[in-house]
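The primary structure of each chain is shown beneath.
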Amino acid sequence: MPPDERSIIHVDMDAFYASVEQLDHPELRGLPVIVGGLGPRGVVSTCSYEARPFGVRSAMPTAQARRLCPDGIYLWPRMARYEDASAQVFEVFHEVTPMVEGLSLDEAFLDVTASLRLLGSIEAIGRRIKDAILERTQLVASVGMGPNKLLAKLAGELSKPDGFRRITAAHAARELAPLPVGRLWTVGKVTEEALHRIGVRTIGELAACDTVRLTRALGRQASVIQALARGEDNREVEPDQAEQSIGAEHTFDTDLAELAMAESWLLRHCERIAARARQRGLTGRTVTVKLREPPFVTYTRQARLQVPSASASDIYDVARRLLQGWWRSQRKPRLRLLGASLSGFEGRRQQDLFEATSSTPASDDVQDRINSRFGSGSLVRAGVLRTRERD
Ligand SMILES: [Mg+2]
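Residues numbered from 1 in each chain as written. Predicted model: local features only at pLDDT ≥ 70, side-chain atom pairs only at ≥ 80, totals over all residues. Heavy atoms only, no water.

As named in an unreviewed UniProt entry, the chain is DNA polymerase IV, taken from Dyella jiangningensis. According to the UniProt record, the Catalytic activity (unreviewed entry) comment for the chain is "DNA(n) + a 2'-deoxyribonucleoside 5'-triphosphate = DNA(n+1) + diphosphate". Looking at the chain in UniProt, the text filed under Subcellular location (unreviewed entry) is "Cytoplasm". (UniProt positions renumbered as here; feature names shortened; annotations may be inferred.)

Take a look at the structure:
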């Protein structure tokens, strides 16, 4: 398929984590909501559109956001809830094409070229995705459409929030020309500065720049970047690969020196990992625990389960033994970071009710629902509590 005949859709949820919080807590609607790490080393994950006029941006240190927007509502992320909403969004994608390349929980490229005959025009498919996401999650997605990844993503970004826009190959040059070179997807800071040094500031100037001069400034990547500036992009949508491992980890603001505390964090990680494995229909055999002693010495410990599992208690039983073993081997155990992961997947489990119940204890499914409603770690299994009390 020639690249300019493809139909690519880019979907990105608007202020995803903050929008979920405003959905679940109506009293936060209309207010600047900032979701991120709230400790001294914390960073903003997402902020609502109401926070943006204050200059708050994602990836900014939370301390800086607090100076810019002291009256904002600051919240810790509730990953289990966001993953739940994300699963619903990705379900919509897979209803229109198997060619889905996820970039994050709330952003993906879809190649819908082969779906056009069945589902109609690219706009019809884009509208269907946007409407279905709103109906099922009550959250707003921005949808960009184009003949390639570059233009689809740009169309979405230019029309955000509540975006819906298509850029065709014929109009690409006109749309791109006035934009600053930094807006060109995959042009990083270093390239941007190199272009500024030779006086190239807009994408139009980049497209028109003498190739020899550009090659002197950028090296071998010059021709690829100049093609992007003309709106040409051959990169394929690469459907998501089966995951190699599912993990969770946390860096502590204050180093952990108590085994019981470390165990409760480990339990929380194992619950998240198990929930994500079940969402994807996977069972894994290998459990890995990652332990970082301050400042930067990292240990990993690994063990195998008797049978592949997606049960939080199975994973935690093994992970906890690994943690305890490491703890006893240290003279003065302290942790800066603790993580866990599950790997060695047996492939996608049949979505068969009987198999699902035989390999996943029913209590885990109940727990998934409770955790996604109240945030991960809100329900601690009675059996785990009992084991802990014996220590
Ligand atoms: Mg987003």
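A.B. asks: What exactly am I supposed to notice about the packing of helix 3 (residues 79–96) against helix 12 (residues 259–279) here?
C.D. replies: The packing of two helices is summarised by the inter-axis angle and the distance between the axes. Relative to each other, helix 3 and helix 12 sit at 5°, their axes nearing to 11 Å. Considered as vectors, helix 3 and helix 12 are oriented roughly parallel to each other. Where helix 3 abuts helix 12, its residues Met-79, Glu-83, Asp-84 and Ala-87 lie against Arg-272, Arg-276 and Gln-279. (Axes fitted to C-alpha atoms, helices over the stretch in contact; angles between N-to-C directions. Helix = DSSP H or I, 4+ residues; strand = E, 2+ residues; numbered from the N terminus. Parallel < 35°, antiparallel > 145°, perpendicular 65-115°, else oblique. Contact = heavy atoms within 4.5 Å.)

A.B. asks: I'm lost on the pattern of salt bridges in this one. Help?
C.D. replies: Between side chains of opposite charge, pairing is possible as soon as their charged atoms come close. Applying the stated criterion across every chain, the model contains 22 salt bridges. For Lys-149, the salt bridge is made with Glu-101, and the minimal N-O distance between the two is 2.8 Å. Taken as a pair, Lys-149 in helix 6 (residues 149–159) and Glu-101 in strand 5 (residues 100–104) lie far apart in primary sequence, 48 residues in all. Residue class for Lys-149 comes out buried when judged on its relative accessible area of 5%. The closest approach of N and O atoms between Arg-230 and Glu-232, which form a salt bridge, is 3.4 Å. Glu-232 sits in the partly exposed class, given a relative accessible area of 42%. In this structure, a network of salt bridges that share partners links the residues Glu-21, Asp-24, Arg-78 and Arg-81. (Salt bridge = Lys/Arg side-chain N within 4 Å of Asp/Glu carboxyl O. Buried < 20%, exposed > 50% of the residue type's maximum accessible area, 1.4 Å probe, protein only.)

A.B. asks: Whenever I open this one, the coordination of the magnesium ion confuses me. Can you help?
C.D. replies: Coordination sphere of the magnesium ion, protein contribution only: Asp-12 (OD), Met-13 (O) and Asp-106 (OD), at 2.2 to 2.5 Å. Going along the chain, you hit the donors of the magnesium ion in the pattern D-M-x92-D. The class for Asp-12 is buried, based on a relative accessible area of 16%. (Donors = N, O, S within 2.8 Å, 3.2 Å for Na, K, Ca; no water.)

A.B. asks: Hey, could you run me through the environment of Ala-340 in this one?
C.D. replies: Mapped onto the fold, Ala-340 is located in strand 12 (residues 335–345). Distance in space between the C-alpha atoms of Ala-340 and Cys-270 is 6.9 Å, their sequence separation being 70 residues. The contacts of Ala-340, once residues within four sequence positions are left out, are Ile-246, Gly-247, Ala-248, Leu-266, His-269, Ile-273, Thr-288 and Val-289.

A.B. asks: Honestly, the sheet that holds strand 11 (residues 297–309) in this entry has me stumped. Any pointers?
C.D. replies: Two strands in a sheet stick together by hydrogen bonds in their backbones, pointing the same way (parallel) or opposite ways (antiparallel). Pairing in this open sheet of four strands is antiparallel, and the strands run 9-12-10-11 from one edge to the other. Since the sheet does not close on itself, it has two edges, and those belong to strand 9 (245–256) and strand 11, each with one partner. With strand direction ignored, the average angle separating the axes of adjacent strands in the sheet is 15°. This element, helix 12, spans strand 9, strand 10 (284–293) and strand 12 of the sheet and lies at about 155° to strand 9. (Pairing = 2+ DSSP bridges.)

A.B. asks: How should I be thinking about helix 13 (residues 312–329) in this particular structure?
C.D. replies: Note: α-helices contain 3.6 residues per turn, so residues at a spacing of three or four share the same orientation. Spanning 18 residues, helix 13 covers 26 Å between terminal C-alpha atoms, matching the ideal 26 Å at 1.5 Å per step. Burial in helix 13 covers these residues: Ala-312, Ile-315, Tyr-316, Val-318, Ala-319, Arg-320, Leu-322, Leu-323, Gln-324, Trp-326 and Trp-327. (Expected span 1.5 Å × (residues − 1).)

A.B. asks: Help me understand the packing of helix 10 (residues 211–218) against helix 11 (residues 222–229) in this model?
C.D. replies: Running from amino to carboxyl end, helix 10 crosses helix 11 at an angle of 120°, the nearest separation of the two axes being 9 Å. By the angle class used here, helix 10 and helix 11 are oblique. Here the hand of the crossing between helix 10 and helix 11 comes out right-handed. On the side of helix 10, the interface is formed by Thr-211, Leu-214, Thr-215 and Leu-218, while helix 11 contributes Ala-222, Ile-225 and Gln-226. Here the residues of the contact of helix 10 with helix 11 sort into four nonpolar, three polar and no charged. (Left-handed = near helix turned anticlockwise from the far one by under 90°. Nonpolar A, V, L, I, M, F, W, Y, C, P; charged D, E, K, R; others polar.)

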